[in-house]
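Each chain, written out:
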Amino acid sequence: MTTWQHEVARRVRGEIVRDAPLAPRTTIRVGGPADLLVRPSDPGALAELLRAVRELGVPLHVLGGGANTLVADAGVRGVVLRLPPDLAPEQVSPGRLVLGAGQPTSRLWVRAHALGLVGMEFVAGIPGTLGGAVAMNAGTRVGEMKDIVSRVELATADGAGFVDAAALGFAYRTCRLPAGAVATRVELALREGDVAASERVMQEDRDRRRRTQPLDRPTFGSTFRNPPGDFAGRLIEAVGLKGHRIGGALWSDVHANFVVNAGGATARDVLALVNVARSRVKDRLGVALETEVRLLGEFLAEDLQDLRAS
Ligand SMILES: Cc1cc2nc3c(=O)[nH]c(=O)nc-3n(C[C@H](O)[C@H](O)[C@H](O)COP(=O)(O)OP(=O)(O)OC[C@H]3O[C@@H](n4cnc5c(N)ncnc54)[C@H](O)[C@@H]3O)c2cc1C
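Thresholds, definitions, all that
Counting restarts for each chain: residues are numbered from 1 in the order of the written sequence. Local features in this predicted model are restricted to residues whose pLDDT is 70 or higher, and side-chain atom pairs enter the listing and the counts only when it is 80 or higher, whereas totals over whole chains, interfaces and linings include all residues. At least two DSSP bridges between two strands are required for those strands to pair. Secondary structure elements follow DSSP: runs of H or I no shorter than four residues count as helices, runs of E no shorter than two count as strands, and numbering proceeds from the N terminus. Every axis corresponds to a line fitted to the C-alpha atoms, with the helix fit spanning only the stretch in contact, and the corresponding angles, defined between N-to-C directions, vary from 0 to 180 degrees. We call two residues in contact if the C-beta atoms placed from their backbones are at most 7 Å apart. Each domain's extent is set by a domain assignment, obtained either automatically or from a database. Being near a molecule or strand means, for a residue, that its C-beta atom, positioned from the backbone, comes within 6 Å of it. Just so you know the grouping, Ala, Val, Leu, Ile, Met, Phe, Trp, Tyr, Cys and Pro go in nonpolar, Asp, Glu, Lys and Arg go in charged, and all remaining residues, Gly too, go in polar. A set of buried Ala, Val, Leu, Ile, Met, Phe, Trp, Tyr and Cys residues, joined to one another through C-beta atoms within 7 Å, is what we call a nonpolar core. In this scheme every C-beta is placed from the backbone, and a residue whose C-beta has 20 or more other C-beta atoms within 10 Å is buried, one with 12 or fewer is exposed, and one in between is partly exposed.

Let's shift gears to the sheet that holds strand S2 (residues 33–40). Within the open sheet, the four strands sit side by side as S1-S2-S5-S3. Their pairing is mixed. Each edge of the open sheet carries a strand with a single partner, namely strand S1 (14–21) and strand S3 (60–62). Strand-to-strand, the axes of this sheet are offset by a mean angle of 30°, without reference to chain direction. Contacting S1, S2 and strand S5 (76–81), helix H1 (residues 3–11) runs over the sheet at an angle of about 15° to S2. Lying on the sheet, helix H2 (residues 43–56) is in contact with S1, S2, S3 and S5; it crosses S2 at an angle near 140°.

Below you can see the structure in the form of structure tokens.
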């Protein structure tokens, strides 16, 4: 281990893995290792980690369920933080539910329904964690996280506290978390209602996804944001790329905005598909597609073109 890895391992309680493979921790199953993967065992250990990386000048990246992330083949320098689901206890008050940000997003409707609460039907079928759902303002045409999140607890090297959702700049598939902040708890505002009706709506959405999305293959969901008034999948199909394959990656023939790992895909393969779609859609249809998927790690500049990695 290098000096900084030793120092983090010495100071922080929790699960600490050097050269940790990240591909199995993403839904598309692509990419190299993290220098150090850290799962702090409790809020105090997380606070110590945040102080340690600041003092040591080590980059910190947060990974949730990896359902919207493409990891570089060369991996990620610095610390990749994963929150354990039970880092924070659940809290319930009338119409309010507070869950740990490391919980799977599915926990939201499981707990809401158990408490007789509804209003979060759009999350059915959105994989990942609550922290990732907040960071992405995850949602569908019928709802998004900003509709149900009232406050988010953020942790930084200077401490932790709840912030009103209104201060987080939620917008289409994005939100403005302060630099270096980790979402640790999410407060949701839900309403009492008909749980059976809510479950039916969610089941219809899951059935729709089974028909329209390649759920049996490794994928990170939508690759591009939908441009105003249109659908990225329609544009990719219109330029003849539905089913197009590069190496082990292909544009799904079920949903053209989904890249799937058809076996042995590399991040390079995925980026080559992304780049060919962006340039062909721009050249032929005049539309500049923007990526929704987050890029994590050390990509080659030639593969990135004008995309950005964190
Ligand atoms: C089959 C499939 C279907 C999908 N359908 C949808 C859909 O309908 N709608 C939709 O919006 N998305 C969809 N997605 C994408 C994905 O599920 C969402 O973006 C999800 O919210 C990502 O959560 P995650 O925990 O996996 O985030 P990750 O991919 O792990 O991370 C995404 C971003 O969030 C940040 N982040 C994660 N946790 C935290 C935290 N605790 N604090 C601060 N930042 C954090 C990461 O640093 C990263 O920038 C789909 C994906 C798949 C594979």
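Along its sequence, the protein is organised into domain 1 (3–81), domain 2 (91–197) and domain 3 (214–304). Computed from C-alpha atoms alone, the centre-to-centre distance between domain 2 and domain 3 is 28 Å.

The next point concerns the site of the ligand. Taken together, 33 residues are adjacent to the ligand, and Gly 64, Gly 128, Gly 131, Gly 132 and Gly 221 come closest. Looking at the shell around the ligand, the elements with two or more residues in it are helix H4 (130–136), strand S9 (139–140), strand S13 (182–189) and strand S15 (219–222). At five residues, H4 tops the list of elements feeding residues into the shell around the ligand. Split by residue class, the shell around the ligand holds 16 nonpolar, 15 polar and two charged.

In this structure, Leu 49, Leu 70, Val 71, Val 134, Val 186 and Val 270 are the most contacted members of the largest nonpolar core, which totals 88 residues. Per-element accounting of this core gives the leading share, seven residues, to helix H7 (residues 267–285). Contact partners of Leu 49, with chain neighbours within four places excluded, come to Val 8, Val 12, Val 38, Pro 40 and Leu 81.

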